[in-house]
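Coordinate inspection notes
In case you want the letters, here they are:
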Amino acid sequence: MKIAKPLSNLIDSFQRLPGIGPKTAQRLAYYLLHVPQTELDNFSEALSRVKRDTKLCGVCKNVSETDPCPICDDNNRDKTQILVVEQPLDILAFEKTGKYDGVYHVLHGAINPLDNIGPDELYIEDLIIRVKKRENSIKEVVIATNPTMEGEATAMFLVKRMKEAVPGNGKRFVITRLGRGIPTGASLEFADETTLVQAMEGRRNL
Ligand SMILES: [Zn+2]
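First, a word on what this report is: a plain description of the structure on this page. (Residues numbered from 1 in each chain as written. Predicted model: local features only at pLDDT ≥ 70, side-chain atom pairs only at ≥ 80, totals over all residues. Heavy atoms only, no water.)

**Considerations on the packing of helix 1 (residues 5-15) against helix 2 (residues 22-32)**
Pairs of packed helices are described in terms of their axes, by the angle between the two and the distance that separates them. Stated precisely, the cut-off is as follows: Every angle, taken between N-to-C directions, lies between 0 and 180 degrees, and every axis is a line fitted to C-alpha atoms, over only the stretch in contact when it is a helix. Every helix listed is a DSSP run of H or I at least four residues long, and every strand listed is a run of E at least two residues long, numbered separately from the N terminus. Angles are sorted into four bins: roughly parallel if under 35 degrees, roughly antiparallel if over 145, roughly perpendicular if 65 to 115, and oblique for all others. Here a crossing is called left-handed whenever its near helix is offset anticlockwise from the far helix by less than a right angle, and right-handed whenever the offset is clockwise. The contact criterion used throughout is that any non-hydrogen atoms of two residues lie within 4.5 Å.
Between helix 1 and helix 2, the least distance of the axes is 8 Å, while the angle of their chain directions is 130 degrees. For the element pair helix 1 / helix 2, the angle class is oblique. With respect to the hand of their crossing, helix 1 and helix 2 are arranged in right-handed fashion. When helix 1 is examined against helix 2, the residues L7, L10, I11, F14 and Q15 are found in contact with a partner set consisting of P22, A25, Q26, L28, A29, Y30 and L32.

Structure, rendered in structure tokens:
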């Protein structure tokens, strides 16, 4: 039996999403046939706006409705401390702890040669430029990439680049890495708040 074209188009779209296989894609598409049209219209409106109505913050590369984002724009945040994360979702995890009042930098991924993601595909040079520009006022750069092979490789690369770009940075600012607590191979966005706070408290110099 041939699946009606509008349905097969939708199934194809679902299948392109991470973690969704053909069976789930089919189930979701057929499920939507039972949802009221107004709800579907809201869904498709939200979908088409998600990218159109958001932008990347020019300072920290977080996804935001405004540039600079509310965190970079907040005068109560400590601009001398930059926490470097892989994904915007990691910012949410740290914000939920309520214990961090510095600013962030989002790399939008980690170095992964198997997926052809090198340093140039990430917002690494933006961080270097940011640090260089404010090297006299920055006190600490905390590297909070995930404790995975890719995250560790990214952390090592960041340290190397920062030490090249700002010679003698040790006198100006420290580079630290989150402490233990987050299981190796895990993703920060799934860490609970207590674990994140402990990892922050236990951070070590690089
Ligand atoms: Zn920002």
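**Quick notes on the coordination of the zinc ion**
Put simply, the test is: Think of the donor list as every N, O and S atom within 2.8 Å of the metal, or within 3.2 Å for Na, K and Ca; water never makes the list, so a site can look incomplete. Irregular is the label for any site that misses the other tests, which are tetrahedral for four donors with all angles between 85 and 135 degrees, and square planar for four donors or octahedral for six when opposite donors exceed 155 degrees and the remaining angles lie between 65 and 115.
At this site the zinc ion is bound by C57 (SG), C60 (SG), C69 (SG) and C72 (SG), with donor distances of 2.3 Å. Of note is the zinc ion, whose four donor atoms meet at the metal with angles of 105 to 115 degrees in an arrangement that counts as tetrahedral. All donors to the zinc ion come from one chain, and their sequence spacing reads C-x2-C-x8-C-x2-C. Highlighted residues: C60 in the loop between strand 1 (55-56) and strand 2 (63-64) and C72 in the loop between strand 2 and strand 3 (78-85), separated in sequence by 12 residues.

**Re the packing of helix 4 (residues 88-97) against helix 8 (residues 193-201)**
Here is the rule we go by: Side-chain classes are defined by residue name, with Ala, Val, Leu, Ile, Met, Phe, Trp, Tyr, Cys and Pro counting as nonpolar, Asp, Glu, Lys and Arg as charged, and the others, Gly among them, as polar.
Across the interface, helix 4 lies against helix 8 with an axial gap of 9 Å and an inter-helix angle of 90 degrees. In terms of axis orientation, helix 4 runs roughly perpendicular to helix 8. The residues of helix 8 that touch helix 4, namely those facing A93, F94, K96 and T97, are E193, L196, V197 and M200. Broken down by class, the residue content of the contact of helix 4 with helix 8 amounts to five nonpolar, one polar and two charged.

**Points about unusual backbone geometry**
Operational definition: Relative accessible area decides the class of each residue, using a 1.4 Å probe on protein chains only: under 20% of the type maximum gives buried, over 50% gives exposed, and in between gives partly exposed.
A cis amide bond, omega 0 degrees, links D67 with the succeeding residue P68. Tracing the backbone through its elements, the reader meets P68 in the loop between strand 2 and strand 3. Positive phi outside glycine occurs at K61, with the angle close to 70 degrees. Note on K61: relative accessible area 11%, which makes it buried. A positive phi is found at H108, a non-glycine position, where the angle reads about 65 degrees. Counting through the fold element by element, H108 comes out in the loop between strand 4 (102-106) and helix 5 (124-133).

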